[in-house]
Amino acid sequence: MNLIVAVDKNWGIGCNNKLLVSIPSDMKFFRETTMGKVVVMGRKTLESFPNGMPLKNRTNIVLTKNPSYQVKGATVLHSPEEVLEELKKYNDEDIYIIGGESIYRQFLPYCKVAHITKIDHAYQADAHFPNLDEMPDEWEITADSEEQTYFDLEYTFLKYERKA
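Predicted model only: the values in this text are computed from it and were never measured.

(A) Examining the environment of threonine 34 more closely. Within the secondary structure layout, threonine 34 lies in helix α1 (residues 24-34). In this structure threonine 34 comes out as buried when scored by relative accessible area, which is 0%. With 80 residues separating them along the chain, threonine 34 and alanine 114 place their C-alpha atoms 13 Å apart. Setting aside chain neighbours within four positions, we find threonine 34 in contact with Ile4, Val39, Arg58 and Tyr96. Within the structure, the side chain of threonine 34 is placed 2.8 Å from the side chain of arginine 58, a separation counted as a polar contact.

(B) The arrangement of the nonpolar core in detail. One finds Leu3, Ile97, Ile116, Phe129 and Leu132 to be the most contacted residues of the largest nonpolar core, which totals 28 residues. When residues of this core are traced back to their parent elements, those giving at least two are β1 (2-7), β4 (38-42), β5 (59-63), α3 (80-87), β7 (95-97), α4 (101-107), β8 (113-119) and β12 (153-162). Among all residues touching leucine 132, those that are not within four sequence positions of it are Trp11, Leu108, Ala114, Ile116, Trp139 and Tyr160. If you look at the next biggest cluster of nonpolar residues, it comprises 14 residues, including Val39, Leu46, Tyr69 and Val76.

(C) View of the side chain of asparagine 60. Topologically, asparagine 60 is positioned in strand β5. A polar side-chain atom of asparagine 60 sits 2.8 Å from the main-chain carbonyl oxygen of leucine 55. When sequence neighbours within four positions are dropped, the list of residues in contact with asparagine 60 reads Val39, Met41, Pro54, Leu55, Gly73, Ala74 and Thr75.

What counts and how
Residues numbered from 1 in each chain as written. Predicted model: local features only at pLDDT ≥ 70, side-chain atom pairs only at ≥ 80, totals over all residues. Heavy atoms only, no water. Helix = DSSP H or I, 4+ residues; strand = E, 2+ residues; numbered from the N terminus. Buried < 20%, exposed > 50% of the residue type's maximum accessible area, 1.4 Å probe, protein only. Contact = heavy atoms within 4.5 Å. Polar contact = N/O pair within 3.5 Å; in protein donor to acceptor, adjacent residues only side chain to side chain. Core = buried A, V, L, I, M, F, W, Y, C linked by side-chain atoms within 4.5 Å.

Here it is, written out as structure tokens:
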């Protein structure tokens, strides 16, 4: 199982249910990486998308505690256990956890690969991702891109892999 996330230098990922920043090449990487795959998200992440609609050309799985929540074009489940059971239908490499904070925390133990866009800036954030750099016994960087720039923002694409 994979996860994909953009973090700031404090591992912040969002504020007021919005991304901290929208970088076109990061959005493109997200689209290309998850296209045709299975994406797992929480209800608030889904509702942060345009019109609150599932992502096109992907299998959308939404986790919510609300038993009456329904959304067209997505599988809605109500516990991490239900999600893990549903995910058995898919190839592990084709599954991407896409947020938000509580979803990342619940499914991080099941992920083998983490695609992290690390932005060299500290934002005001109310949602954070666990700092993988503080878990050297569990995670290591196995690939990184050249530093990229979007206006005055510097960022890199990093691939972390869980140590065996």
